[in-house]
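# Architecture and fold: a report
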Amino acid sequence: MIRKAEEADLLAVVQLLADDQLGSQRENASSPLDPTYKGAFAQMSQQKGNDLYVAVENDKVVGCMQLTFIAGLSRKGMTRMQIEGVRISKEVRSSGLGQKMMEYAINLAKSSHCGLVQLTTDVKRPDAHRFYERLGFEASHVGMKLNLLKDR
């Protein structure tokens, strides 16, 4: 089952975000949960069209993704969906859950009249690149980021 996340899901989501080589350097999955995550979730919850979704199997959170609708003027005022923070528990990888989650997101984008679904994926995740390409995503742009926390 895929549903919108609740505050009670946050520790499991942060644990998913932290459960790989890149995330383990960026996240703090200790319990009790760092209050900054609850603050971020509260902000997301107040922002229309910016939601965290979880995949749940046997009452356990095994996947997550953040879906954000972005209204814009480019492409004749087209709305797009941005997909971020997609993670699948190691226990259920290669089970088809990732594809189900992406299909859920794409169907939500279509039903919300989006003209484009976009995502970024770290260059250090070649398996993720192959996965997204199998789903029809194209590496059409070069993504760039400026880390504002790097020198703090």
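## Here we look at the overall build of the chain
Assigned secondary structure in the chain consists of six helices and five strands. Counting helices and strands in the order they occur from the N terminus, the chain gives β-α-α-α-β-β-α-β-α-β-α. Taking 152 residues into account, the globule formula puts the C-alpha radius of gyration at 15 Å, and the chain, at 16 Å, falls close to it. Across its three principal directions, the C-alpha atoms of the chain cover 45 × 40 × 30 Å. When the 152 residues of the chain are sorted by exposure, 35% land in the buried category.

## With respect to the sheet that holds strand β4 (residues 80–88)
Strand order in the open sheet formed by five strands is β1-β2-β3-β4-β5, and the pairing between neighbours is mixed. Single-partner strands in this sheet number two, and they are β1 (2–4) and β5 (116–119). Strand-to-strand twist of the sheet, defined as the mean angle between neighbouring strand axes without regard to direction, takes the value 30 degrees. Where β4 and β5 come together, four bridges link them in parallel fashion. Residue pairing for β5: R80 is matched across the bridge by L116. Packing against the sheet, helix α1 (residues 10–18) makes contact with β2 (50–57), β3 (60–70) and β4, and its axis sits at approximately 85 degrees to β3.

## Description of the packing of aromatic side chains
By the definition in use, this model includes three aromatic pairs. Among the aromatic residues, those joined into a ring-pair cluster are F131, Y132 and F137.

## Some thoughts on the pairing of β3
By the bridge criterion, eight bridges tie β2 to β3 in an arrangement that is antiparallel. Note that in β3 the partner of V54 across the bridge is C64. Hairpin remark: β2 followed by β3, antiparallel, with two residues in the connecting loop; positive phi at N58, about 55 degrees. Judged from the seven bridges that link them, β3 and β4 form a sheet pairing that is antiparallel. Considered in β4, the bridge of Q66 is made with E84.

## Quick notes on the pattern of salt bridges
Counting across every chain of the model gives seven salt bridges. A salt bridge links K90 to D19; its shortest N-O distance comes to 3.4 Å. Taken as a pair, K90 in the loop between β4 and α5 (97–111) and D19 in the loop between α1 and α2 (23–26) lie far apart in primary sequence, 71 residues in all. Between E91 and K60 there is a salt bridge whose closest N-O contact spans 2.9 Å. In this pair, E91 is assigned in the loop between β4 and α5 and K60 in strand β3, connecting sequence segments 31 residues apart. For K60, a relative accessible area of 38% corresponds to the partly exposed category.

Parameters at a glance
Residues numbered from 1 in each chain as written. Predicted model: local features only at pLDDT ≥ 70, side-chain atom pairs only at ≥ 80, totals over all residues. Heavy atoms only, no water. Helix = DSSP H or I, 4+ residues; strand = E, 2+ residues; numbered from the N terminus. Rg over C-alpha atoms; globule rule 2.2 N^0.38 Å. Buried < 20%, exposed > 50% of the residue type's maximum accessible area, 1.4 Å probe, protein only. Pairing = 2+ DSSP bridges. Axes fitted to C-alpha atoms, helices over the stretch in contact; angles between N-to-C directions. Contact = heavy atoms within 4.5 Å. Phe/Tyr/Trp six-rings, centres within 6.5 Å; stacked < 30°, edge-to-face > 60°. Salt bridge = Lys/Arg side-chain N within 4 Å of Asp/Glu carboxyl O.

Read these as spatial facts, not as claims about activity.
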